[in-house]
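Structure at a glance
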Amino acid sequence: MDNSRIPYRHPQPKESPPELVIPSAIPDDERVWVPQGENVWFRPLCLCASRGYWMNLLRVRKSGVLSRHRHPQPVHGYVIKGRWRYLEHDWVAQEGGYVYEAPGETHTLVVDEGVEEMITLFQVNGVMIYVDPDGAVQGYEDVFTKINLCRAHYEKVGLGAGYVDQFIR
Ligand code: FE
């Protein structure tokens, strides 16, 4: 008997958190974008507090230097729109492109003139450490600071601080 169309008929592991499905990753509601600097926003997708990483869209609407940072763990990126590059490398992350950033890397993200809007999906593990040109630590972000930024912003724009909870696992 062909059972290929029969769904799995047993409970999922009880420790397994609920799946997360977001119909519009690029949101219809502008308020979902969380400002993180002038002309820079992020859109949370999965804020994985239990494993210390986050998936988000980064949106930049003006050319300029974004941040110099180091990450002790890998970062994966997929460029949905526009392009960007690192001052430390000679490649350009182009629309439709995928980027793997190696653990230990310190680099400076820039969006060049002529790019009206850049949107990239990033998976960031652990921490982003912001540094000066000599590597001195200026600040950091982790999944918990991201959650706090979301809470404050969603409260402010009327979605309610609890709006972020749907993205947390
Ligand atoms: Fe990076």
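Further up the page is the structure itself.
Attention here is on the structure that accompanies the text.

Our next topic: the coordination of the iron ion. Four donors placed tetrahedrally about a metal ideally form angles of 109.5 degrees, and six donors placed octahedrally ideally form angles of 90 or 180 degrees. The protein atoms that coordinate the iron ion are H69 (NE2), H71 (NE2), Y86 (OH), E101 (OE) and H107 (NE2), at distances of 2.0 to 2.6 Å. Of note, the iron ion draws all its donor residues from one chain, in the sequence arrangement H-x1-H-x14-Y-x14-E-x5-H. In this pair, H69 is assigned in strand β4 (residues 64-70) and E101 in strand β8 (residues 98-101), connecting sequence segments 32 residues apart. In this structure H69 comes out as buried when scored by relative accessible area, which is 2%.

A separate point is helix α1 (residues 143-156). End to end, α1 covers 20 Å across 14 residues, agreeing with the expected 20 Å (1.5 Å per residue, within 8%). Three or more residues of α1 are buried, namely V143, K146, I147, C150, H153 and Y154. Each buried residue of α1 lies within a common arc of 135 degrees when the element is viewed along its axis, so the set occupies one face. Residues A152, E155 and K156 are exposed on α1 and point more than 90 degrees away from its buried face.

Turning our eyes to something else, we now look at the sheet that holds strand β11 (residues 127-131). Spatially, β7-β6-β9-β4-β11-β12 is the arrangement adopted by the 6 strands of the open sheet, whose pairing is antiparallel. Looking along the sheet, the strands with just one partner apiece sit at the ends: β7 (92-93) and β12 (137-142). As defined by bridge partners, strand β6 (residues 84-86) adjoins strand β9 (residues 106-111) across 2 bridges and the pair is classed as antiparallel. Its bridge partner lying in β9, Y86 is registered against L109.

Within the chain, N39 stands out as a residue other than glycine whose phi angle is a positive 65 degrees. Along the polypeptide, N39 turns up in the loop between β1 (34-37) and β2 (40-48).

With that settled, the discussion passes to the nonpolar core. Membership of the largest hydrophobic core comes to 28 residues, with the highest contact counts inside it found for L47, W84, L109 and M118. If you list the elements that add at least two residues to this core, you get β2, β3 (53-60), β5 (75-81), β6, β9, β10 (118-125), β11 and α1. Core analysis: the second largest hydrophobic core is formed by 5 residues, W33, W41, L45 and L57 among them.

Next up on the list: the side chain of D142. On the secondary structure map, D142 appears in strand β12. As a buried residue without a salt bridge, D142 has its nearest oppositely charged side chain in K146, at a separation of 9.4 Å. A polar atom in the side chain of D142 sits 2.9 Å from the backbone nitrogen of F144. At a separation of 2.9 Å, a polar atom in the side chain of D142 contacts the main-chain amide nitrogen of T145. The contacts of D142, once residues within four sequence positions are left out, are W54 and G126.

Here we take up the sheet that holds β2. Taken together, the 6 strands give an open sheet; going across it, the order is β1-β2-β3-β10-β5-β8, and neighbouring strands pair in antiparallel fashion. Each edge of the open sheet is held by one strand with a lone partner, namely β1 and β8. Pairs of neighbouring strands in the sheet enclose a mean axial angle of 30 degrees, with direction left out of account. In terms of strand pairing, β1 meets β2 through 3 bridges, oriented antiparallel. From the neighbouring strand, P35 faces β2, where its bridge partner is W41. Seen against the sheet, α1 touches β1, β2 and β3 and runs at an angle of roughly 120 degrees to β2.

About the criteria used
Residues numbered from 1 in each chain as written. Predicted model: local features only at pLDDT ≥ 70, side-chain atom pairs only at ≥ 80, totals over all residues. Heavy atoms only, no water. Donors = N, O, S within 2.8 Å, 3.2 Å for Na, K, Ca; no water. Helix = DSSP H or I, 4+ residues; strand = E, 2+ residues; numbered from the N terminus. Buried < 20%, exposed > 50% of the residue type's maximum accessible area, 1.4 Å probe, protein only. Expected span 1.5 Å × (residues − 1). Arc of directions from axis to C-beta. Pairing = 2+ DSSP bridges. Core = buried A, V, L, I, M, F, W, Y, C linked by side-chain atoms within 4.5 Å. Lys, Arg positive; Asp, Glu negative; His and termini not counted. Salt bridge = Lys/Arg side-chain N within 4 Å of Asp/Glu carboxyl O. Polar contact = N/O pair within 3.5 Å; in protein donor to acceptor, adjacent residues only side chain to side chain. Contact = heavy atoms within 4.5 Å. Axes fitted to C-alpha atoms, helices over the stretch in contact; angles between N-to-C directions.

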